[in-house]
Amino acid sequence: MAIVLIRQDGKLDLWKNTFLQQFPELPVYHYKEAHPEEEITMAIVWKHPEGSLTKYPNLACIASFGAGVDFIMEDTSRPQNVDITRVIDPALAADMSEYVLAAILGYLKNMDLYSHDQDLSSWEPKPYTRISDHTVGIMGAGTLGMALATSLSQLGMKVIGWSRSPKKEKALKIYDGTAGKVEFLHKSTILVCLLPLTNTTKGILNKETLSHLPSGAYLINVARGGHLVEEDLIPLIDSGQLSGACLDVFQEEPLPTEHPFWKHPGIKITPHVASVSDPASVVPQLVENYRRICDKEPLLHLVDPQKGY
Ligand code: NAP
Ligand code: GLV
């Protein structure tokens, strides 16, 4: 039994070294080095090359290095009937909450517009809004969405959520399903997308959905680029229906240099860094699942392949 790590972003050595620092005896390989394919029972992956999971005949688990598993679900060549797991980590949730808070406060106080003005040496005071003027609507009241809701509520922000299934949250109004979607949108002056990317949520941030927001609402997409119909965004901002957007994720990453989002003053861009799995924090739960595979115990943080998240 052994683990293979598959990712193409230059972080393979960092992850492998962290596994070995924390668990020196662990049989862990990265996919570019010689490794015993028949012994691999766990593949830990992040945007792995399509087809790379087909060569492990004894795979018992495909684990995401992160919270999202969309790239695993999209790989139709992956072995079927193999458990899929994802990361649930308080540090990941805290990082996400800090990022979204920064984006909200930057928007309220016009920080992005002033950065643009500064580039032009332009002294142009603008009206600002306050926390009390806004309702933050969180699309995706799951692990990250609920942690965000708690953090924002503690700062005195009005927060509402939207999920697939009904919730019995006392402290927070959570709308659910298609029936609750429009009312949820009507109330959200700041919309944060924290949905998983699935067949149902793909393209959900489109002209029709975003037109249900109050005029001048602000969009923060920290989920996946596939949620946003990108060609709908600039017309919505230019018409005033949206006052702007903060985007951490894109249909194509890195965002191509010629993409119109780069130059639009109402769009804030960050390079998919809202919350990044920290090896030191995440390795223990991945190794716990490896132990469970070895001991034939149920795995932690399983994904429902029917729901896709
Ligand atoms: P999660 O715990 O699975 O929560 C997902 C939430 O979305 C749940 O509340 C779920 O509803 C809801 N949902 C799913 N499909 C829906 C639909 N069709 N309609 C309405 N609600 C729906 O996921 P998470 O751990 O919070 O992570 C969310 C996503 O964040 C990840 O999938 C990943 O793509 C993204 N992410 C991005 C970054 C970054 O750096 N930008 C970092 C980490 C994660 P139910 O509660 O009813 O199931
Ligand atoms: C990051 O995007 C994650 O899914 O963890």
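This structure is a prediction, so every number in the text was calculated from the model and none was measured. (Residues numbered from 1 in each chain as written. Chains lettered and ligands numbered in written order. Predicted model: local features only at pLDDT ≥ 70, side-chain atom pairs only at ≥ 80, totals over all residues. Heavy atoms only, no water.)

With respect to the side chain of Ser52
Thought 1: Relative to the helices and strands, Ser52 resides in the loop between strand E3 (40-46) and strand E4 (61-64).
Thought 2: Accessibility expressed as a relative area gives 11% for Ser52, which makes it buried.
Thought 3: In this structure the side chain of Ser52 is engaged in a polar contact, spanning 2.6 Å, whose partner is the backbone oxygen of Pro49. (Helix = DSSP H or I, 4+ residues; strand = E, 2+ residues; numbered from the N terminus. Buried < 20%, exposed > 50% of the residue type's maximum accessible area, 1.4 Å probe, protein only. Polar contact = N/O pair within 3.5 Å; in protein donor to acceptor, adjacent residues only side chain to side chain.)

Observations regarding the site of ligand 1
Thought 1: The environment of ligand 1 is formed by 28 residues, the closest being Arg86, Leu144, Ser165, Lys167 and Tyr309.
Thought 2: A distance of 2.8 Å separates an oxygen atom of ligand 1 from a polar atom in the backbone of Leu144.
Thought 3: Among the elements of the structure, helix H5 (143-154) and strand E7 (158-163) are those that each provide at least two residues to the shell around ligand 1.
Thought 4: Residue composition of the shell around ligand 1, by class: 13 nonpolar, ten polar and five charged.
Thought 5: Here the shell around ligand 1 spans two domains, and each of domain 1 (2-89 + 277-294) and domain 2 (90-269) adds at least three residues to it. (Near = heavy atom within 4 Å. Nonpolar A, V, L, I, M, F, W, Y, C, P; charged D, E, K, R; others polar. Domains from an automatic or database assignment.)

Some details on the site of ligand 2
Thought 1: With respect to spatial proximity, the complete set of residues near ligand 2 consists of Trp46, Gly66, Ala67, Gly68, Arg224 and His272.
Thought 2: Here an oxygen atom of ligand 2 and a side-chain polar atom of His272 are 2.7 Å apart.
Thought 3: A total of 200 Å² of accessible area belongs to ligand 2 in isolation, and the protein chains cover 87% of it.
Thought 4: Grouping the amino acids of the shell around ligand 2 by side-chain chemistry returns two nonpolar, three polar and one charged. (Areas by Shrake-Rupley, 256 points an atom, 1.4 Å probe, with all protein chains shown as cover.)

Some details on the state of the cysteines
Thought 1: Tallied over the full model, the rule gives zero disulfides.
Thought 2: The cysteine Cys61 is free of any disulfide, with Cys294 supplying the nearest cysteine sulfur at 11 Å.
Thought 3: With no disulfide partner, Cys193 has as its closest neighbouring cysteine sulfur the one in Cys246, 12 Å distant. (Disulfide = S-S within 2.5 Å.)

Observations concerning the nonpolar core
Proteins that are soluble and globular tend to have nonpolar side chains buried together.
Thought 1: In this structure, Leu5, Phe19 and Ile44 are the most contacted members of the largest nonpolar core, which totals 39 residues.
Thought 2: Elements represented by at least two residues in this core include exactly strand E1 (2-7), helix H1 (12-22), E3, E4, helix H2 (70-73) and helix H9 (279-294).
Thought 3: Excluding residues within four positions of it along the chain, Leu5 makes contact with Leu12, Trp15, Lys16, Phe19, Val28, Tyr29, His30, Tyr31, Ile44 and Phe65. (Core = buried A, V, L, I, M, F, W, Y, C linked by side-chain atoms within 4.5 Å. Contact = heavy atoms within 4.5 Å.)

Examining the sheet that holds strand E11 (residues 242-247)
One key point about sheets: their strands pair by backbone hydrogen bonds, in either a parallel or an antiparallel sense.
Thought 1: Across the sheet, which stays open at both edges, the seven strands sit in the order E8-E7-E6-E9-E10-E11-E12 with parallel pairing between neighbours. The open sheet is flanked by strand E8 (173-176) and strand E12 (267-269), the only strands paired with a single partner. Sheet twist, expressed as the mean angle between neighbouring strand axes with direction ignored, is 15°.
Thought 2: Sitting on the sheet, helix H3 (residues 90-108) touches strand E6 (135-139), strand E9 (190-193), strand E10 (217-221) and E11, and the angle it makes with E10 is about 155°. (Pairing = 2+ DSSP bridges. Axes fitted to C-alpha atoms, helices over the stretch in contact; angles between N-to-C directions.)

A closer look at the packing of H3 against H5
To describe two helices that pack against each other, one gives the angle between their axes and the distance between the axes.
Thought 1: Contact pair H3 / H5: the axes reach a minimum separation of 9 Å and the direction vectors enclose 55°. In this view, H3 runs oblique relative to H5, as classed from their interaxial angle. Here the hand of the crossing between H3 and H5 comes out right-handed. Where H3 approaches H5, its residues Leu92, Ala93, Met96, Ser97, Val100, Leu101 and Ile104 are matched on the opposing element by Leu144, Ala147, Leu148, Ser151 and Leu152.
Thought 2: Of the residues that constitute the contact of H3 with H5, the class distribution is ten nonpolar, two polar and no charged. (Parallel < 35°, antiparallel > 145°, perpendicular 65-115°, else oblique. Left-handed = near helix turned anticlockwise from the far one by under 90°.)

Structural notes on the domain arrangement of the protein
Thought 1: Split by domain assignment, the protein resolves into domain 1 (2-89 + 277-294) and domain 2 (90-269).
Thought 2: Inter-centroid distance (C-alpha atoms) of domain 1 to domain 2 is 31 Å.
Thought 3: Taken together, the contact between domain 1 and domain 2 spans twelve residues of the former and nine residues of the latter.
Thought 4: Between domain 1 and domain 2, the buried area comes to about 790 Å², and carbon and sulfur atoms account for 52% of it.
Thought 5: Linking domain 1 with domain 2 are two salt bridges.
Thought 6: A salt bridge links Arg224 to Asp70; the shortest N-O distance between them is 2.9 Å.
Thought 7: Taken together, domain 1 and domain 2 are joined by six residue pairs in polar contact (both at pLDDT 80 or more).
Thought 8: Class assignment of the residues belonging to the side of domain 1 that touches domain 2 gives a composition of four nonpolar, three polar and five charged. (Buried area = accessible area lost by both parts, 1.4 Å probe. Salt bridge = Lys/Arg side-chain N within 4 Å of Asp/Glu carboxyl O.)

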